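These are the residues of each chain, in order.
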Amino acid sequence: MSALPHPPQSPLDRLGRPLHDLRLSVIEACNFRCGYCMPADRVPDDYGFDQAGRLSFDEIETLVRGFARLGMHKLRLTGGEPLLRKGLPALVERLAKVPGITDLAMTTNASLLARHAQALRDAGLQRLTISLDALDPALFRTLSGARGEIDDVLAGIAAAERAGFSAIKFNCVVQRGVNDHEVERMAAHFRGSGHVLRFIEYMDVGTCNGWDRARVVPSRELHARIDARWPLRALDANYRGEVAERHAFIDGTGEIGFISSVTAPFCGDCQRARVSADGSLYTCLFSGSGQPMRSWLADGEAAFSSRLAGLWSRRADRYSELRGSVRAPRKHVEMFLVGG
Ligand SMILES: C[S@@+](CC[C@H](N)C(=O)[O-])C[C@H]1O[C@@H](n2cnc3c(N)ncnc32)[C@H](O)[C@@H]1O
Ligand code: SF4
């Protein structure tokens, strides 16, 4: 990864937050139908397979270069399911060469990873986050909307390890009465693996997941359960704005994390922009609407980045801190459009 000769000045938003982090969706389609994201009874099977609306690889590269000019250095590819995007390794290869990008990662359900892990690694993908809510085969299948098999994910993980991905992050969204009984099993599975399991509070994203606060399992409850079985000690954040609270197993078997966006909002440090596969900017995971930017790309990365800087400097989102108040927006973008 190359550094920029003159590191750019990142514009600050109205709450003083720089733009360091971009989550870029490469596809809106998914092969799963997780109930908290894309429930099968609300999202048809053929949703998202019309390619015309998606940014091309040329457009994506221009967009990423424009973001990097403003100081964005952490880039994460997501979806929908990013591994459904045809030719993804070729895109990764182009993005890995963009000056200023120091961290190139991808979030995936890993069901198709076995056949793509090596090509992605060879193309320059540095890090992987894998979403995994259960190890029990029947429960896994149910949570995926009857689309996924745990064995495919385990094969994907093994292939990723062989390809050289290490310290893989595993995201587990915990829902009370759904998969909260799997928590210790998941922790036992990943302790000592060199990978990092993070438990995520079930969030009120999108409009169709029927969010119910009663199903949120607060991180402090999960922390107490894990700590009672395998004592933990808190670790410092790796960088400003890191969303997971990190803990180490004191017996030296590695690290575990908790992401508490419902019970301990972290808007104050949010340096993240999100772009959907059609090129719209969302300045918050809970934005009601995006700013279409595709037409700006035709003028090149410099013109694009100056328009983007203007947008970022007007940003004032802090939804998680306002949740429940009359000022909190009611309509939220779907998670499968902005990818987490
Ligand atoms: C939208 S998915 C996109 C990438 C890929 N399909 C995957 O599942 O990893 C990104 C992340 O969002 C998380 N997610 C989706 N809906 C959620 C919700 N309601 N609450 C918390 N996390 C959610 C998923 O668990 C996943 O880790
Ligand atoms: S969380 Fe990921 S795998 Fe599940 S439906 Fe959403 S986009 Fe697909």
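Provided above is the structure to which this section pertains.
Residues numbered from 1 in each chain as written. Chains lettered and ligands numbered in written order. Predicted model: local features only at pLDDT ≥ 70, side-chain atom pairs only at ≥ 80, totals over all residues. Heavy atoms only, no water.

Peer 1: Can you tell me about the overall build of the protein, naming the residues and giving the values?
Peer 2: Check the secondary structure of the protein and you find 10 helices and 12 strands. Once the C-alpha set of the protein is aligned to its principal axes, its extents read approximately 55 × 45 × 40 Å. Per-residue burial for the protein yields a buried fraction of 55% across its 340 residues. The long-range share in the protein, meaning contacts at least 24 apart out of those at least 6 apart in sequence, stands at 73%. (Helix = DSSP H or I, 4+ residues; strand = E, 2+ residues; numbered from the N terminus. Buried < 20%, exposed > 50% of the residue type's maximum accessible area, 1.4 Å probe, protein only. Contact = heavy atoms within 4.5 Å.)

Peer 1: An account of the site of ligand 2 is needed here, citing residue identities and associated values.
Peer 2: Surrounding ligand 2, one finds Cys-30, Phe-32, Cys-34, Tyr-36, Cys-37, Met-38, Gly-80 and Asn-109. The residue makeup of the shell around ligand 2, split by class, is six nonpolar, two polar and no charged. (Near = heavy atom within 4 Å. Nonpolar A, V, L, I, M, F, W, Y, C, P; charged D, E, K, R; others polar.)

Peer 1: An account of the environment of Ala-248 is requested, with residue identities and associated values reported.
Peer 2: Summarising the element assignment, Ala-248 is placed in strand S8 (residues 245-249). Put simply, Ala-248 and Glu-301 are 53 residues apart on the chain and 42 Å apart in space, counted from C-alpha to C-alpha. Residues contacting Ala-248, with those up to four places away along its chain left out, are Pro-231, Leu-232, Arg-233, Leu-235, Gly-254 and Glu-255.

Peer 1: Outline the nonpolar core, supporting the account with residue identities and numerical values.
Peer 2: Membership of the largest hydrophobic core comes to 99 residues, with the highest contact counts inside it found for Leu-22, Leu-63, Val-64, Phe-67, Leu-75, Phe-199 and Ile-226. For Phe-199, the contacting residues outside a window of four places in its chain are Cys-172, Val-174, Val-183, Met-186, Leu-222, Ile-226, Ile-256, Gly-257, Phe-258 and Ile-259. (Core = buried A, V, L, I, M, F, W, Y, C linked by side-chain atoms within 4.5 Å.)

Peer 1: Explain the packing of helix H6 (residues 183-190) against helix H7 (residues 219-229) to me, using residue names and the numbers behind them.
Peer 2: Relative orientation of the contacting elements H6 and H7 amounts to 55°, with a least axis distance of 11 Å. In terms of axis orientation, H6 runs oblique to H7. The crossing of H6 and H7 is right-handed. Counting all contacts with H6, which are made through Val-183, Glu-184 and Ala-187, the residues of H7 involved are Leu-222, Arg-225, Ile-226 and Arg-229. Class assignment of the residues belonging to the contact of H6 with H7 gives a composition of four nonpolar, no polar and three charged. (Axes fitted to C-alpha atoms, helices over the stretch in contact; angles between N-to-C directions. Parallel < 35°, antiparallel > 145°, perpendicular 65-115°, else oblique. Left-handed = near helix turned anticlockwise from the far one by under 90°.)

Peer 1: An account of the packing of aromatic side chains is needed here, citing residue identities and associated values.
Peer 2: Taken as a whole, this structure holds eight aromatic pairs when the rule is applied. Between Trp-296 and Phe-304, the aromatic rings sit 6.3 Å apart at their centres with planes inclined by 55°, giving tilted as the arrangement. By relative accessible area, Trp-296 is classed as buried at 8%. By the ring-pair criterion, three or more aromatic residues cluster together here, those being Phe-67, Trp-296 and Phe-304. Between Arg-191 and the ring centre of Phe-249, over which it is positioned, the NZ or CZ distance is 5.0 Å. (Phe/Tyr/Trp six-rings, centres within 6.5 Å; stacked < 30°, edge-to-face > 60°. Lys NZ or Arg CZ within 6 Å of the ring centre and 35° of its normal.)

Peer 1: So, the sheet that holds strand S4 (residues 127-131): which residues are in play, and what are the values?
Peer 2: Sheet architecture is open: 12 strands sit in the order S7-S8-S9-S6-S5-S4-S3-S2-S1-S10-S11-S12, paired in mixed fashion. The outermost strands of the open sheet, each flanked by one partner alone, are strand S7 (232-234) and strand S12 (291-292). Judged from the five bridges that link them, strand S1 (residues 21-25) and strand S2 (residues 74-78) form a sheet pairing that is parallel. Across the sheet, the residue bridging to Arg-23 is Arg-76, located in S2. Against the sheet, helix H1 (residues 57-69) engages S1, S2, strand S10 (272-275) and strand S11 (280-282), with an angle of about 165° to S1. In the packing of H6 onto the sheet, the strands contacted are strand S5 (169-174), strand S6 (196-201) and strand S9 (255-259), and the crossing angle to S6 comes to about 155°. (Pairing = 2+ DSSP bridges.)

Peer 1: Tell me about the environment of Arg-246, residues and numbers included.
Peer 2: For Arg-246, the position within the fold is in strand S8. With 13 residues separating them in the primary sequence, Arg-246 and Ile-259 have C-alpha atoms 9.1 Å apart. Polar contacts involving the side chain of Arg-246 include one to the side chain of Glu-255, which spans 2.7 Å. (Polar contact = N/O pair within 3.5 Å; in protein donor to acceptor, adjacent residues only side chain to side chain.)

Peer 1: Run through the site of ligand 1, naming residues and quoting values.
Peer 2: For ligand 1, the set of nearby residues contains 19 residues, the closest of which are Tyr-36, Gly-80, Thr-108, Ser-131 and Met-203. With respect to ligand 1, the backbone of Gly-80 contributes an N or O atom lying 2.9 Å from a nitrogen atom. Ser-131 places a side-chain nitrogen or oxygen 2.5 Å from an oxygen atom of ligand 1. Considering ligand 1 on its own, with 540 Å² of exposed area, one finds that the protein chains cover 95% of that surface. The residue inventory of the shell around ligand 1, partitioned by class, reads seven nonpolar, 10 polar and two charged. (Areas by Shrake-Rupley, 256 points an atom, 1.4 Å probe, with all protein chains shown as cover.)

Peer 1: Let's hear about the pattern of salt bridges: which residues, and what values?
Peer 2: What the rule picks out here adds up to 18 salt bridges. For Arg-17, the salt bridge is made with Asp-13, and the minimal N-O distance between the two is 2.7 Å. Residue Asp-13 is classed as buried on the basis of its relative accessible area of 5%. Ionic pairing is found between Arg-69 and Glu-301, a salt bridge with its closest N-O pair at 3.0 Å. Linking Arg-69 in helix H1 with Glu-301 in helix H8 (residues 301-313), this pair joins segments that are 232 residues apart in sequence. By relative accessible area, Arg-69 is classed as partly exposed at 40%. Judged by relative accessible area, Glu-301 falls into the partly exposed class, the value being 26%. (Salt bridge = Lys/Arg side-chain N within 4 Å of Asp/Glu carboxyl O.)

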